[in-house]
Amino acid sequence: MTSTHAFWLAGRQATGEDTFDVTSPWDGRLVGKVSVPTDAQVEEAVAAAYAVRDEFAATPAHVRAAALDHVSKRLAERTEEIARLISAENGKPMKWARGEVGRAVSVFRFAAEEARRFNGGEAQRLDTDPGGQGRLALTRRFPKGVVLGIAPFNFPLNLCAHKVAPAIAAGAPIILKPAPATPLSGLIIGDLLAETELPAGSWSILPVANDKMPALVQDERLPVISFTGSEKVGYAIMDSVPRKHCTLELGGNGAAVVLADWASDEDLDRAANRIATFSNYQGGQSCISVQRVIADASVYDRLLPRIVAAVEAQVTGDPSDDATDVGPLVSEDAAQRVEKWVQEAVDAGARLLTGGKRDGASYAPTVLAEVPADVTISCEEVFGPVLTVQKADGEAEAFAAVNDSKYGLQAGVFTHDLQTAFRAHRALEVGGVVIGDVPSYRADQMPYGGVKQSGVGREGVRFAMEDYTYERVMVLAGITL
């Protein structure tokens, strides 16, 4: 019999009156039962976080850093166990699940480092004008209050880490809501935080049903909301609480540009292999997976068959098998949506070069060419293992094609030319430009986020900490400088 997983309420384990099942998208087996907090328990968690906010903000940096170091260490010790849990509830192949645990190890380590050096204060002399003579300003950052972190299913451990770790590092209490499809990985973080000496109430992990979230979002005791997920839900949250501080990490339809100077056989093989890998990793369920390839006309005909061959070489199947590259999507509904979008494109005249087949929640890695610009798969985030390839006449046309999107998360540009790299950095309307590779690279300490409909604010530990805090100035009078 599968045991019921408790949730974490103000630093202690608790159970509610109801449970829900977490099942594997690969074979439908029961992975675990999760207890659902009652309305009264949610209120208890919010009240505890609000009550402890001043105490937690004043907690010495070494206490917060030690807790974060502990979580990082324990995640590393339990890598294989946690990776198997991620794979079971998410359908992620083991090679990618292990990588996700490794990234979460780094996120908590980075947060421990930032906790020790963040908010040291900045002094500014004010005697630059006569009225400021004898005065000195000292600026420090203080938490805005309790953070409500809402995490998605596609990186069920690491994106929970990106909510929890910066909040603890900054001294901001946090209530984390993991995705209903994948709550078990987020609850693991609670197991490890419970082994630390953080104040009671400074963190809770609540697997609240989505339909219960509006009340939590509206609660005035939670002034900061950090959301990662769909554009529709993210902007609905922001519109519903215009006076709150919201950071939104939303969708994208990442483009990889292959320019004319990336022309040797070795270059094209590398581009094709990187594109094939990162259009299909995580089942394509990554905001920065490669969805669009924009190839210069001079290399297009040589690149396209290489991409098709590299995509066909991806190993699909059981995510628990170490050899598997591509597992299922998170649900059969998700795979059916991808199937519908691909069929719409084919019916509109796109050429299906490989893939295009669904088996339950699995969708075969797919390549489309000559896709009309107005079909859904050209305009929206597919969030599945589907790649479109188009031709461009020169750099300017390629960059314009990248920008011809409502999204602007990241882009990759395959070029050897330094001047081209700087032109791309200036021209592309995205949050990040990766030169010599696909757009799917993210270092967890760098600023990460987008423009246009890809969201507002930045993640990356220190940058999230800045979002969770505000500057407060103290002016000292009668100072001899």
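What counts, and at which threshold
The residue numbers shown here count from 1 along each chain, following its written sequence. Per-residue local features are limited, in this predicted model, to residues with pLDDT of at least 70; the limit for side-chain atom pairs, both in listing and counting, is 80 or more; totals at the level of whole chains, interfaces and linings are taken over all residues. Side-chain numbers here rest on the full set of heavy atoms in the structure, without hydrogens or water. The convention used is that axes are lines fitted to C-alpha atoms, helices contributing only their stretch in contact, and that angles between N-to-C directions extend from 0 to 180 degrees. Secondary structure elements follow DSSP: runs of H or I of four or more residues count as helices, runs of E of two or more count as strands, with numbering from the N terminus. Note on angle classes: values under 35 degrees are labelled roughly parallel, values over 145 roughly antiparallel, values of 65 to 115 roughly perpendicular, and the remainder oblique. Residue contacts are defined here by distance: any two heavy atoms, one from each residue, within 4.5 Å place the two residues in contact. In this classification, the charged set is Asp, Glu, Lys and Arg, the nonpolar set is Ala, Val, Leu, Ile, Met, Phe, Trp, Tyr, Cys and Pro, and all remaining amino acids, among them Gly, are polar. Note on classification: 1.4 Å probe, protein chains only; a residue is buried when its accessible area is under 20% of the maximum for its type, exposed when over 50%, partly exposed between these limits. Take the buried Ala, Val, Leu, Ile, Met, Phe, Trp, Tyr and Cys residues and link them wherever side-chain atoms come within 4.5 Å; each set so joined is a nonpolar core. Any two strands with at least two DSSP bridges between them are considered paired. In what follows, a disulfide is any cysteine sulfur pair within 2.5 Å. Polar contact is defined as a pair of N or O atoms within 3.5 Å, subject to the rule that within protein one atom must be able to donate a hydrogen and the other to accept it, and that residues adjacent in sequence are counted only when both atoms are side-chain atoms. Each helix should span, by expectation, one fewer than its residue count multiplied by 1.5 Å. It is the directions from the helix axis to the C-beta atoms whose arc is reported. Orient the strands so they point away from the viewer, and a crossover whose first-strand-to-second-strand path over the helix runs clockwise is right-handed. Between the rings of Phe, Tyr and Trp (Trp by its six-membered ring), a pair exists once the centres lie within 6.5 Å; its type follows the angle of the planes, with under 30 degrees stacked, over 60 edge-to-face, and the other angles tilted. In this scheme, Lys NZ or Arg CZ marks a charge over a ring once it lies within 6 Å of the ring centre and within 35 degrees of the ring normal.

Trainee: Can you explain the packing of helix 4 (residues 79–90) against helix 7 (residues 183–193)? Please cite residues and give values.
Mentor: Across the interface, helix 4 lies against helix 7 with an axial gap of 8 Å and an inter-helix angle of 150°. Between helix 4 and helix 7, the interaxial angle falls into the category roughly antiparallel. Every residue of helix 7 that contacts helix 4 at Glu81, Ile82, Leu85, Ile86 and Glu89 is listed here: Pro183, Leu184, Ser185 and Ile188. For the contact of helix 4 with helix 7, the per-class residue count stands at six nonpolar, one polar and two charged.

Trainee: Tell me about the environment of alanine 58, residues and numbers included.
Mentor: On the secondary structure map, alanine 58 appears in the loop between helix 2 (53–57) and helix 3 (61–77). Alanine 58 sits in the exposed class, given a relative accessible area of 59%. Linking alanine 58 and glycine 171, residues 113 residues apart in sequence, is a C-alpha distance of 7.3 Å.

Trainee: How would you sum up the nonpolar core? Please name residues and give values.
Mentor: Soluble, globular proteins show a tendency: their nonpolar side chains are buried together. Counting residues in each nonpolar core, the largest one holds 83 residues, and the members touching the most others are Leu68, Leu75, Phe108 and Leu148. Among the elements that line this core, the one with the most residues is helix 5 (residues 94–117), at eleven residues. With residues up to four places along the chain from it excluded, the contact list for leucine 75 reads Ile82, Val101, Ala104, Val105, Phe108, Leu157, Ile188 and Leu192. Of all hydrophobic cores here, the second largest spans 32 residues; its members include Val293, Ile307, Leu387 and Leu409.

Trainee: I'd love a proper account of the sheet that holds strand 13 (residues 255–258), names of residues and values included.
Mentor: If you walk across this open sheet you meet the seven strands as 15-18-19-14-13-21-22, and the pairing is mixed. Of all strands in the sheet, those bounded by a partner on one side alone are strand 15 (351–354) and strand 22 (432–435). Geometrically, the sheet is characterised by an average inter-axis angle of 25° between neighbouring strands, direction not taken into account. Lying on the sheet, helix 11 (residues 297–312) is in contact with strand 13, strand 14 (292–296), strand 15, strand 18 (366–369) and strand 19 (386–392); it crosses strand 14 at an angle near 145°.

Trainee: Explain the side chain of threonine 420 residue by residue, including any values.
Mentor: Mapping threonine 420 onto the fold places it in helix 15 (residues 418–427). For threonine 420, a relative accessible area of 6% puts it in the buried group. Excluding its chain neighbours within four sequence positions, the residues that come into contact with threonine 420 are Leu259, Glu395, Phe399 and Thr415.

Trainee: Summarise the state of the cysteines; cite the residues concerned and give the values.
Mentor: All told, the structure shown has zero disulfides when counted by the stated rule. As a non-bridged cysteine, cysteine 160 has cysteine 287 as the owner of its nearest cysteine sulfur, 14 Å distant. Taking the relative accessible area as the measure of exposure, cysteine 287 reaches 10% and is therefore buried.

Trainee: Got a sec to walk through the sheet that holds strand 6 (residues 122–125)? Specific residues and values, please.
Mentor: As summarised here, the arrangement of the three strands in space is 6-7-25, forming an open sheet in which the pairing is antiparallel. What marks the edges here is a single partner per strand, and that holds for strand 6 and strand 25 (469–476). With direction set aside, neighbouring strand axes in the sheet form an average angle of 30°. Note: strand 6 against strand 7 (residues 136–143), four bridges, orientation antiparallel. Across the sheet, residue alanine 123 finds its bridge partner in strand 7, namely leucine 138.

Trainee: Explain the environment of glutamate 370 residue by residue, including any values.
Mentor: Within the secondary structure, glutamate 370 is located in the loop between strand 18 and helix 13 (376–379). Once residues lying within four places of it in the same chain are set aside, the contact partners of glutamate 370 are Gly349, Ala350, Arg351 and Val389. A polar contact of 3.0 Å, which involves the side chain of glutamate 370, links it to the side chain of arginine 351.

Trainee: Could you give an account of helix 1 (residues 39–51), with specific residues and numbers?
Mentor: Counted at 1.5 Å a residue, the expected span for helix 1 with its 13 residues is 18 Å, and the 18 Å between its end C-alpha atoms agrees. Listed in full, the buried residues belonging to helix 1 are Gln41, Val42, Ala45, Val46 and Ala49. Viewed along the axis of helix 1, the buried residues span an arc of 140°, placing them on a single side of the element. Away from its buried face by more than 90 degrees, helix 1 exposes Asp39, Ala40 and Ala51.

Trainee: With reference to specific residues and values, describe the pairing of strand 14.
Mentor: Of all five residues making up strand 14, five are buried, and the element is well covered by its neighbours. Of the two faces of strand 14, the one carrying Arg292, Ile294 and Asp296 and the one carrying Val293 and Ala295 are both buried. Pairing between strand 13 and strand 14: four bridges, direction parallel. Bridging from a neighbouring strand, alanine 256 pairs with valine 293 of strand 14. Between the parallel pair strand 13 and strand 14, the chain is carried across by helix 10 (residues 265–280), and the sense of this crossover is right-handed.

Trainee: Go over the packing of aromatic side chains, please, and point to the residues and values.
Mentor: Tallied over the full model, the rule gives six aromatic pairs. Arranged with centres 5.3 Å apart and planes meeting at 65°, the rings of tryptophan 96 and tyrosine 281 form a pair that is edge-to-face. Here tryptophan 96 is found in helix 5, whereas its partner tyrosine 281 is found in the loop between helix 10 and strand 14, with 185 residues between them in sequence. Using a relative accessible area of 6% as the deciding quantity, one classes tyrosine 281 as buried. A centroid spacing of 5.9 Å and a plane angle of 85° characterise the contact between phenylalanine 153 and phenylalanine 383, whose relative ring orientation is edge-to-face. In this pair, phenylalanine 153 sits in the loop between strand 8 (147–150) and helix 6 (158–170) while phenylalanine 383 sits in the loop between helix 13 and strand 19, placing the two residues 230 residues apart along the sequence. It is arginine 53 that lies over the ring of tyrosine 50; its NZ or CZ is 3.7 Å from the centre. Its guanidinium or amino end placed over the ring of phenylalanine 155, arginine 103 lies 5.6 Å from that ring's centre, counting from NZ or CZ.

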